[in-house]
Amino acid sequence: MSSLNLLLSRGWVQLVKSFRYLSMPMRWRLARVAAAVLWFAVPKRRHVILRNLELCFPELSRTERESLAKRVYVRLARAAIDHGTLWCGSAEDVRSLVHFHGIEHLLNPENRPVIVVSPHFAGLDAAGIALNHLCKGCFALSDPKQSCLGRGAVKGTIAL
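Computed from a predicted structure; not experimentally measured. (Residues numbered from 1 in each chain as written. Predicted model: local features only at pLDDT ≥ 70, side-chain atom pairs only at ≥ 80, totals over all residues. Heavy atoms only, no water.)

(A) Representation of helix α3 (residues 43–56). Taking 1.5 Å of rise per residue, the 14 residues of α3 would be expected to cover 20 Å, and the 20 Å separating its terminal C-alpha atoms lies within 8% of that figure. Among the structural elements, α2 (24–41) and α4 (62–81) are those in contact with the buried residues of α3. (Helix = DSSP H or I, 4+ residues; strand = E, 2+ residues; numbered from the N terminus. Expected span 1.5 Å × (residues − 1). Contact = heavy atoms within 4.5 Å.)

(B) How the structure looks around the packing of α3 against α4. Look at α3 against α4: their axes get within 10 Å of each other, and the N-to-C directions meet at 125 degrees. With respect to their mutual orientation, α3 and α4 come out oblique. The handedness of the crossing between α3 and α4 comes out as right-handed. Contacts from R45, R46, I49, L50, L53 and E54 in α3 reach R62, R65, E66, L68, A69, V72 and Y73 in α4. Of the residues that constitute the contact of α3 with α4, the class distribution is seven nonpolar, no polar and six charged. (Axes fitted to C-alpha atoms, helices over the stretch in contact; angles between N-to-C directions. Parallel < 35°, antiparallel > 145°, perpendicular 65-115°, else oblique. Left-handed = near helix turned anticlockwise from the far one by under 90°. Nonpolar A, V, L, I, M, F, W, Y, C, P; charged D, E, K, R; others polar.)

(C) Examining the packing of α2 against α4 more closely. Two elements in contact, α2 and α4, have axes separated by 8 Å at closest approach and are oriented at 125 degrees. Viewed along their axes, α2 and α4 adopt a mutual orientation that is oblique. Crossing of α2 against α4: the hand is right-handed. Facing M24, R27, W28, L30, A31, R32, A34, A35, L38 and W39 of α2, the residues of α4 in contact are E66, A69, K70, Y73, V74, R75, A77, R78 and I81. Split into classes, the residues belonging to the contact of α2 with α4 amount to 13 nonpolar, no polar and six charged.

(D) Inspection of α2 at higher detail. Over its 18 residues, α2 runs 25 Å from end to end, which matches the ideal 26 Å to within 8%, given 1.5 Å per residue. Burial in α2 covers these residues: R27, A31, A35 and W39. Buried residues of α2 fall within an arc of 100 degrees about the axis and therefore sit on the same side. More than 90 degrees from the buried face of α2, the exposed residues found are V33, F40 and A41. (Buried < 20%, exposed > 50% of the residue type's maximum accessible area, 1.4 Å probe, protein only. Arc of directions from axis to C-beta.)

(E) Molecular detail of the packing of aromatic side chains. One pass over the structure, following the stated rule, counts one aromatic pair. The ring of W39 has R46 sitting right over it, with the charged end atom 5.8 Å from the ring centre. Over the face of the ring belonging to W28 we find R78, whose NZ or CZ atom lies 4.6 Å from the ring centre. (Phe/Tyr/Trp six-rings, centres within 6.5 Å; stacked < 30°, edge-to-face > 60°. Lys NZ or Arg CZ within 6 Å of the ring centre and 35° of its normal.)

(F) How the structure looks around the pattern of salt bridges. Taken as a whole and judged by the stated rule, the model has four salt bridges. Linking R51 and E54 is a salt bridge whose minimum nitrogen-to-oxygen distance equals 3.3 Å. Residue R51 and its partner E54 are located together in helix α3, separated by three residues, close to a single helical turn. Where E66 meets K70, a salt bridge forms, and the shortest distance between an N and an O atom there is 3.5 Å. A residue pair is termed a helical-turn pair when its members lie 3 or 4 positions apart in one helix, as E66 and K70 do in helix α4 at four residues. (Salt bridge = Lys/Arg side-chain N within 4 Å of Asp/Glu carboxyl O.)

(G) Highlighting the nonpolar core. Residues A31, W39, I49, L50, A69 and Y73 are the most contacted members of the largest nonpolar core, which totals 15 residues. Sorting the residues of this core by element identifies α1 (3–18), α2, α3 and α4 as the ones contributing at least two each. The biggest single contributor to this core is α4, with five residues. Counting residues in hydrophobic clusters, the runner-up holds six residues, among them L86, V98, A126 and I129. (Core = buried A, V, L, I, M, F, W, Y, C linked by side-chain atoms within 4.5 Å.)

All we've got here are geometric facts, nothing functional implied.
Dropping the structure here:
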């Protein structure tokens with residue numbers, strides 16, 4: 001890894017970790033700003049989400065699908081912002097972000113072994129970290145992007 005990439009990775013991890021000190025309303029504001037910037041800055045991803053929504057929800061109008069896509073962008077930005085809390089927050093902080101329905105089934109020792117599947121990194125990271133606070137022995141598998149930000153994020157999770 002080049003020195004610049006290493007510096008960017010470390011800087012990104014520190015920035016994300018610092019987000020844990022932001023209030024919830026400030027996190028939402030920051031997420032809305034980040035989502036708006038990404039909506040216009042990365043047209044390829046915008047096209048992908050709009051096409052996927054068109055295929056999955058043909059009954060929705062283009063305006064409705066665009067509104068849904070923008071809400072997804074905000075939620076993904078918020079999930080990225082919350083990684084500071086997931087990485088460095090207390091068990092109580094993590095529990096305040098992640099809510100489980102039917103957790104009693106997972107915690108019942110008679111229901112073993114268990115495999116939990118999550119469709120996206122945001123859910124996988126958050127749920128995996130929160131589950132590990134409830135029952136030891138959880139771990140998550142994913143294939144992080146090979147970029148300085150992806151490696152920085154992985155480094156941030158390992159450095160707990």
